[in-house]
Every structure is written in structure tokens, then in C-alpha cells.
Amino acid sequence: MRRTYKVNEMAFFQKTNNTPPETDHPMIDLRGVNKYYKTAVGDYHALKDVDLQINAGEFVSIIGKSGSGKSTLLNMITGIDRPTDGEVFVNNTAVHGLNENKMARWRGLNLGVVFQFFQLLPTISVIENIMLPMDFCRTYPMREREKRAMQLLELVDLADHAYKLPTALSGGQQQRVAIARALANDPPVIIADEPTGNLDSKTAEDVFTLFNDLVAQGKTIIIVTHDSALAKRTHRTALITDGEIVNEYVAQAMPTLTQEQLLWATRNAKAQTYEAGAMIFAEGTNADAFYIVSKGTVEIVLPRPNQSDVVALQLGPGKFFGEMAFFHAHKRSASVRASESNAVEVLRLGYDQLSELLNQSEVTRDALHQMADKHEEENLKKREAIGALFSDIKKENPQ
Ligand code: ADP
Ligand code: MG
């Protein structure tokens, strides 16, 4: 049976709305982060120019092969390690600039960290483990700490085990204690490095459910996971390959590419921005590029002579356009513009590059080709419908 946690009843969490607050700054913001490790055979480039923005209230998974740099990336955010260059902001604090003295206290207040192997102190009881962060940061009056720790244990359904040593608990129970400890100071952000990596699938599901409930309460959560099925159930997934982040919209648009191909596409795609309402390309012009939407919404527009345009389709982040002309006419069969309500960012891949990419991946070529056929058919139908409407109007209002 699936465990239900009582997160929604907990009065001691800060009140937060379910919709993430609109803020100017992302909750987590990595800019141009590079990390080199010194090794016997020279510097090892573990993170390569990583940019990653995560908004308050988002649930983000990070996936990638073993050794790809996932833990290194998390360590930049928690301040457990420092970037060689670049900037890391968490909750408006420049983490890369904090000294060792300030770091531990800052982390204790702002981040809950959960590890694969739980890392509970073995010689003190479960409830004392949860009180430790409160003691360290002096966040709650001394006499309230035990009560709060007990409430957190109730939250993870382990109140009966409060006075046992951690080693008396199963792996799944220990991980839930670790999550309760991560929540001790009610931090806005939870960072978890393979939190289900050491658990069976049923227990992993319980832990994931708990994270989901916390996101619903307004927490920002990042988990590293090997489990792609779990990753799919988060709001966003960042894929890291050899220290580089694959653009998530490229991955959404062409999910059948291999990691190496995705990375190649990420490196070759050029980000272009357009103001609200601006034309990206016009019907009838020569076509030379394929586009993936990365911010905002674009409109596919079917122009009508002497009439206002008809918006056939709106496409948001992860959706693509410009594939029709690649497979069909080599002239644009519709216009595309940034929607009136928002500026847009698109990732542009020239047809030469798209061709090179699709030569490596027949399955992606087939998927895009099918999409091109489908869009063409839809556009024809829309045009016919518009045409019929137009002639009806003419009949009703003969000149
Ligand atoms: P992941 O968590 O994705 O498995 P890591 O971030 O732990 O990968 O490691 C990324 C790469 O950096 C690996 O090749 C690893 O061997 C190397 N690495 C990690 N920590 C160190 C270190 N302290 N010194 C040298 N190399 C390291
Ligand atoms: Mg790791």
C-alpha cells in the first residue's frame, strides 16, 4: 500500500502557495561554472561552462552516466566544493563567495541535503540526529526542538522509532530520517544526491512521494537519480554528459538522440531572442534552419490575403518548428512569430547541421519527418476551413 504523508496538515512549515512566486532571480543560478580537479596526470575538467537556472518551487532531476559530474554539480550548489571559476547563487546568496565560517551556517539555514548513504550519526538516536541542525543553527528555542523533531518524524511516518539508533532502522527508514533532518530548519531548498540509489523500488517510491509532497508545499528540490522513470515525474530534467549540461529543450524536442548527439546539438544550436510579436520568418521565404523553442511561446501563422492572420498553432518550450521545409518544399509554408504576450528565445540549428545530426539518427529523422507530414496536413485542413469560411462570408455579403 502506498504511504500517505501528512505534509498538508503540517502547520510548522512556512506558508507557501502552490504556484511558485514570481521573482526576478531564480532560486538557484549557476553561471559559467567550471570545475577542474587536480590529479596526478594533470587537471581534470569535471564541469564545463555550466549554466543552470532553477526557479523557486521547481522539482528538477539531474541525470547522467556515472562519472559525468552530477555530484560535482550538486557540490557547487551546496558549497561543499567550489567552482574553479563561475558564479553560483542560491536564494540570492553568492555561494562561491562565502568563506568557510559563513558557509556551514548558511547551508544549515538554506539547504537540506540528502545523500545516497543517508549519513546519519550512528551513535545518537534518530530524534537527536534531527535536532542537530536546529542546535547548530539555533533556529528554534531549545525547548521546542524535540517537539519539532518529533513532528518531522511523524511527517515521515517514523515517530515510533524516535529513540532508536539509526542502525536499527531499514535503509528506507534511514533515508526518511535523513529527509526529516534535511527539513529541520525549514530550508527553502532540498538537494538530494541519488536519494533512492540504495533503496528497493517500493521504498524508492515512498521517498519520491515524500519529495513530491514537499514540492507541493513550495520547496525547491533537486535530485540526482539513475532512475529515468522517476526523473520523468519531476518538472524538469537536466542531463549531464562529461561535465556538460545538455540543453533540456533540445532533449525534449529530439528525445531519440543519444547523449553524445544531444550534446552535439546543444553545442551547435544558436540561441536567438525575439521581442513580443516579432517575426521569426515569413511564409514563402527560403528556408535554411530548424528551430526549438526554449523560452516563451511562438505562433505559427497562416496569412490570408487582405485579411487578418490566423494563428494555426502555438508552441511553447521544447516544441519545434521549421522541420516542414527541411523535408518538403524548402520554402516556408507558414509564418512564425513571437506571440504578442511574451519575448521568445529559440535555438536555431541550420539545415546543414540538422542534416548531419539526422544522418547519425535514422529514428530521429523518421520522427521529425512524421511531424512534418502531420503539420503539413493540419495546415492544409486549416487553410481549407479558413477558405470555406471566407467563401461563406462572401456569399452572405455579396459585393
Ligand atoms: P557523478 O556524480 O556523475 O558520478 P562526479 O561528479 O562524482 O560524477 O565526478 C565527475 C568526475 O570527476 C569523475 O570522473 C570523477 O572521477 C572526477 N572527480 C570527482 N571528484 C574528484 C576529486 N576530488 N579529484 C579528482 N577527480 C574527481
Ligand atoms: Mg555522484
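Residues numbered from 1 in each chain as written. Chains lettered and ligands numbered in written order. Predicted model: local features only at pLDDT ≥ 70, side-chain atom pairs only at ≥ 80, totals over all residues. Heavy atoms only, no water.

**Considerations on the packing of aromatic side chains**
This model, assessed by the stated rule, comprises seven aromatic pairs. These aromatic residues form a ring-pair network of at least three members: Phe281, Tyr291 and Phe321. Here the guanidinium or amino end of arginine 332 rests over the ring plane of phenylalanine 281, the centre of that ring lying 3.8 Å away. (Phe/Tyr/Trp six-rings, centres within 6.5 Å; stacked < 30°, edge-to-face > 60°. Lys NZ or Arg CZ within 6 Å of the ring centre and 35° of its normal.)

**Notes on the domain arrangement of the protein**
Each assigned domain of the protein is listed with its residue range as follows: domain 1 (26-246) and domain 2 (264-393). Spacing between the C-alpha centres of domain 1 and domain 2 amounts to 40 Å. (Domains from an automatic or database assignment.)

**Things to note about the site of ligand 1**
Around ligand 1, the structure places Tyr37, Thr39, Tyr44, Ala46, Lys65, Ser66, Gly67, Ser68, Gly69, Lys70, Ser71 and Thr72. The backbone of glycine 69 places a nitrogen or oxygen atom 3.0 Å from an oxygen atom of ligand 1. One nitrogen or oxygen atom from the main chain of lysine 70 is found 2.8 Å from an oxygen atom belonging to ligand 1. Coverage of ligand 1 by the protein amounts to 61% of the 560 Å² it exposes when considered alone. Listing elements by their share of the shell around ligand 1, those giving two or more residues are strand 1 (28-39), strand 2 (42-54) and helix 1 (70-78). Considering every element that reaches the shell around ligand 1, the biggest residue donor is helix 1, with three residues. (Near = heavy atom within 4 Å. Polar contact = N/O pair within 3.5 Å; in protein donor to acceptor, adjacent residues only side chain to side chain. Areas by Shrake-Rupley, 256 points an atom, 1.4 Å probe, with all protein chains shown as cover. Helix = DSSP H or I, 4+ residues; strand = E, 2+ residues; numbered from the N terminus.)

**Describing the pairing of strand 9 (residues 236-241)**
In terms of burial, strand 9 is a largely internal element, five of the six residues being buried. In this sheet, strand 9 lies alongside strand 3 (residues 59-63) in parallel orientation, the contact comprising four bridges. Considered in strand 9, the bridge of isoleucine 62 is made with alanine 238. The pairing of strand 9 with strand 10 (residues 244-246) spans three bridges and is antiparallel. Following the sheet pairing, threonine 241 is matched in strand 10 by glutamate 244. (Buried < 20%, exposed > 50% of the residue type's maximum accessible area, 1.4 Å probe, protein only. Pairing = 2+ DSSP bridges.)

**Things to note about the nonpolar core**
Membership of the largest hydrophobic core comes to 38 residues, with the highest contact counts inside it found for Ile130, Leu153, Val177, Ile179, Phe211 and Ile221. Only helix 3 (126-137), helix 4 (142-155), helix 5 (171-182), strand 7 (189-193), helix 6 (201-216) and strand 8 (220-224) provide two or more residues apiece to this core. Among the elements that take part in this core, helix 6 stands out by supplying seven residues, more than any other. Residues Val88, Met103, Ile222 and Ile245 belong to the second largest nonpolar core, which totals 30 residues. (Core = buried A, V, L, I, M, F, W, Y, C linked by side-chain atoms within 4.5 Å.)

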